[in-house]
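As a plain string of letters, each chain reads:
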Amino acid sequence: MNDLLWIGLAGAAGSFHCLGMCSVFAWSLAPSSKARWRTVGRQLLYNSGRVVTYCFLGVMAGALGHYVVHSGPVGITQRVLAIVSGLLMIVMALQFYGIRLWTNFGTGIGLGTLLGGIRKLLQTPGAAAPLAFGVFNGFLPCPLVYAFVAQAIAAGSLGRGVLTMAAFGLGTFPAMLLVGLAGVTLGPRWRTGGVRVAGSIILLFGLVTLARGVLPMAAMPPMLPRFLAGPPAGAP
Amino acid sequence: MSATSGALCSHCLVPAGANAYRGLVAGEELPFCCFGCYLAYRVHGERGEEAEAALSLIRLGVGAFLAMNIMLLSLLLYTHAFGAAEAHVRRAVEVVLGALATPAMVILGWPIFADAWHGLRRGRLTTESMIVVGASAAYAYSVSSLFTGGDRVYFDTATMLLVLFTLGRYLDAATRARAARNLAPLLEAERAPVRVLAADGFEMRPATQVVPGDRVEVRAGERFPVDGEVVEGRSWADEALVTGESEPVDKAAGDRVIAGTTNGNGSLIVATLASGAATRWAQIARAVRAALDRRSRLQDLTDRIATWFLPAVLILAAAVWVFWSDRGSSWEALSAALATLVVACPCALGPAAYLASFLAVGEAAGEGIVIRSTRALEQLATVRTVVFDKTGSLTRGTPSLVALEAAEGDAAAWLEAGAALAQADSHPLARAMVEAAGMRGTAQRRLARPTQVQARPGEGLVGSVEGSELALGSAGLFDRLGWAISPELAARVRELEAAGSSLVLIGRDGQVGAVAAFADEVKPEARAVIEELGERGLTTMILSGDRPAAVERVASKLGTTTWRAGLSPEEKVAAIDELMRAGRGVAMVGDGLNDGPVLAAATVGIALGSGSELARTSAEIVTAGPDLSALPRLLDSARTAGRTTRVNLTWAFGYNAVGLTAAAAGLLQPVLAAGLMAVSSLVVVANAMRSVRRKAAAGLRLEVQA
């Protein structure tokens, strides 16, 4: 479980980014004035919706990784996978520093439609709306999510994929709940710093993942958490 | 409105046809062209109640939530995350799956089931029917296997099928609505309310019910609903959409305004001259709506295929089930049959056939170009030869002065004298002469008034100007009058005639004194357009009724080598038939009125909208103005649409073929088949969108200032 703990912590650190992007959503999920517990319920449903979407993405990513790993000699495919995922994560991490390799990413047909729909859901009362909203929110293009999806691909199996994303999603839970319930917010300066922290952590993950593909096993730094070292190459 | 019976889809504004899907929005039954549009309307609908609109989205969101949970658990089952020792866990998971799937079936399936039932009652087997059969088969089998302790459940297939189908429909509808933004002002033209000045303020009326004499207020930025004359106010108008004129035109009291053009920055009161239904704008609107209503050849084809396809797939799925029941376990048989049913769903075929053409027609309408049917667009893409009429198409259509020779004295003075007499006549050459005199600046003072003017039909004019007898006309006229002509001038006349100009001789008091040569000038953009067409691999050709010399002059200026002159309309039709028999698609470009039969004979007739009435031309494509430069773009647009459609159809069919084979062979998991089905639709929609965006990037004007 050690490895998942690390991912959860990374997700928590990454939620500095969420505070910028998604806190608006959490606030505007029309808080129920009648009873506090209902507000809690709405926030929990919203976040559950989000996490389920992440898990779904995780299982898909894991399936892809699984497929790739088993498409050739395991040791090699795993390394290739680690290199590709590592690079993807690094690219995503660079976005947090304002370095974009491509612009206008993900402004396809779906996005405008998605946003239009989301806007409607925010003002809708009832228990189902926050849940549905969370589900759609999870699909919003987000470098943080992409980075961890890349990590889930590298995990190389469905189970590990879904657990990676679940851990990440749960990691973002506390910050988002705090935002939604207590209206906690951070000043722009803090947020800029926080986003840099998030970027650094993803960069670290990316580099380590990349290293798993590039370095020989023996050269892996011993103090790395077990998960970061990954399963020994050639293991099932 | 009359030509295309049936209502418009409330969401994407496409004619929904007689078999419109009727959806209940805020207690009101509205027509929709499909279920997807109904869904999208509910979500984006501004007129529907907010809460109700969100309901569809909640449905989709909660359905997706359930489906994703089902997917997670199912995938874990597939990968044997629960070992053989944990059989009871497996069983529990299956029960949980069933518990999640049941609400998902109700939440997501309800509208689809309703739609399938709706179609069935009208005797139509729709794609929804297939989804319903697939999803309910999967669900029913899974439930029974849950109770009887069977070895497989397919809750994932059932729910994913519903989620993805709903999503695909939704995206398709959203895309169409986006495309319809170009068309919206056109399609709304007749429904849009107009502020008519009444005794006590304003009265809102649809444009069709505005009659001549009504005074209409048009505010800044609005579209003129009727043809009329400005009574009050100052503004300017953007008339590009109707006349092709790109510069703003100032409008003040007394100026004419054209329906469909856009008012600039001032509010105007306009006196209606023609009823709102009789304007060119309304004609464009009707023509475009008719075009979208008329099914394209490909659409007909795919429809015919689908009619046979659906029952065939059902039979095939049954056959697959029987076949595999004999050879494998019952779940293997059901898995193969389900996958067959799901993967064969022709969801992508519909959008594949129409979406690209639809976008192209809408885009062209946004530039004022009317394409009467998507079929015309499809055919334009196959054209190999472009045939031009000369007069009015390649040339301006009005003669202008190209040479002026006098036997003795000031040539300009002769022109002025001739122009003075020419004022009395409306022959194009007479008008050209007056205009030329004005242009040369010789007539800064007013031209003298002619008296005792006799018109000699086909020959010219004779009359009296400032005391001397003046004659104007062909060489034949002067022969008959017996007026003398100097040998030098006679030689010049022969020369100019050989060059293909139309000549007007000017004589005074028994002596021919000057000759003016007129020619129909080539449009400035014509040469570039011919070259551009050449670059696109098209041969160009001129068919004209004019004299060979005149046609040759134009042809040499344009760099085209193929031309035929002196043709009657019948001969032109024969020439086009000949080209078409040689297996070449022929586009005929004409002014739309005189060459009606010729335009109709060609594969595609293109009328340059130089003032011709849309209703009176037989051309399938009518441009906004006399400008030729729309042609290459139009051709590109048609070819892109054609290519996109072909790619999309190839993809949709090819994917179905491969998918069917794999599924029937039992190689495809049903849930994977559901995923593939959704991907297929997405690829088609994205591909059509991409083709439009690429053109937008190439600098095409897409947006109509609505």
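Our structure is the block above this text.
Because the structure is predicted, anything quoted here is derived from the model rather than measured.

Re the overall build of chain A
Per the secondary structure count, chain A includes ten helices and zero strands. The secondary structure elements of chain A, listed N-terminal to C-terminal, are α-α-α-α-α-α-α-α-α-α. Every one of the 236 residues in chain A was classed for burial, and the buried ones make up 53%. The long-range fraction of contacts in chain A, counting pairs at least 24 apart against all pairs at least 6 apart in sequence, stands at 81%. Here chain A has roughly 10,500 Å² of accessible surface; of this, 73% comes from carbon and sulfur atoms.

A word on the pattern of salt bridges
All names here are of chain B. Scanning the entire structure with this criterion turns up 14 salt bridges over all chains. The partner of D214 in a salt bridge is R205, and the shortest N-O contact between them spans 2.9 Å. We note a salt bridge from E521 to K557, for which the minimum N-O separation is 3.8 Å. Placement of the pair is E521 in strand 19 (residues 511–522) and K557 in helix 18 (residues 548–558), with a sequence separation of 36 residues. With a relative accessible area of 23%, E521 lands in the partly exposed category. Judged by its relative accessible area of 39%, K557 is partly exposed. Look at the salt bridges and you will find they share partners, linking R195, E217, R219 and E222 into a network.

Concerning unusual backbone geometry
Residues and elements named next belong to chain B. With a phi close to 50 degrees, Q452 is a non-glycine residue in the positive phi region. Positioned with a positive phi, D509 is a non-glycine residue whose angle comes to about 45 degrees. Along the chain, the position of D509 falls in the loop between strand 18 (502–508) and strand 19.

Focus: the sheet that holds strand 9 (residues 256–257) of chain B
Residue and element names in this part refer to chain B. Strand order in the open sheet formed by six strands is 4-3-5-11-6-9, with antiparallel pairing between adjacent strands. Of all the strands in the sheet, just strand 4 (201–206) and strand 9 have a single pairing partner and so form its edges. As defined by bridge partners, strand 5 (residues 215–218) adjoins strand 11 (residues 268–272) across four bridges and the pair is classed as antiparallel. Bridge pairing in strand 11 links E217 to I269.

Considering the packing of helix 9 (residues 330–343) of chain B against helix 21 (residues 630–664) of chain B
Residue and element names in this part refer to chain B. Following both chains from N to C, one finds helix 9 and helix 21 inclined at 175 degrees, their axes separated by 8 Å at the closest point. The angle between helix 9 and helix 21 places the two elements in the roughly antiparallel class. Along its contact with helix 9, which presents A336, A339, T340 and V343, the element helix 21 presents Y655, N656, G659, L660, A663 and A664. The residue makeup of the contact of helix 9 with helix 21, split by class, is seven nonpolar, three polar and no charged.

Cut-offs and rules
- Residues numbered from 1 in each chain as written.
- Chains lettered and ligands numbered in written order.
- Predicted model: local features only at pLDDT ≥ 70, side-chain atom pairs only at ≥ 80, totals over all residues.
- Heavy atoms only, no water.
- Helix = DSSP H or I, 4+ residues; strand = E, 2+ residues; numbered from the N terminus.
- Buried < 20%, exposed > 50% of the residue type's maximum accessible area, 1.4 Å probe, protein only.
- Contact = heavy atoms within 4.5 Å.
- Areas by Shrake-Rupley, 256 points an atom, 1.4 Å probe, with all protein chains shown as cover.
- Salt bridge = Lys/Arg side-chain N within 4 Å of Asp/Glu carboxyl O.
- Pairing = 2+ DSSP bridges.
- Axes fitted to C-alpha atoms, helices over the stretch in contact; angles between N-to-C directions.
- Parallel < 35°, antiparallel > 145°, perpendicular 65-115°, else oblique.
- Nonpolar A, V, L, I, M, F, W, Y, C, P; charged D, E, K, R; others polar.

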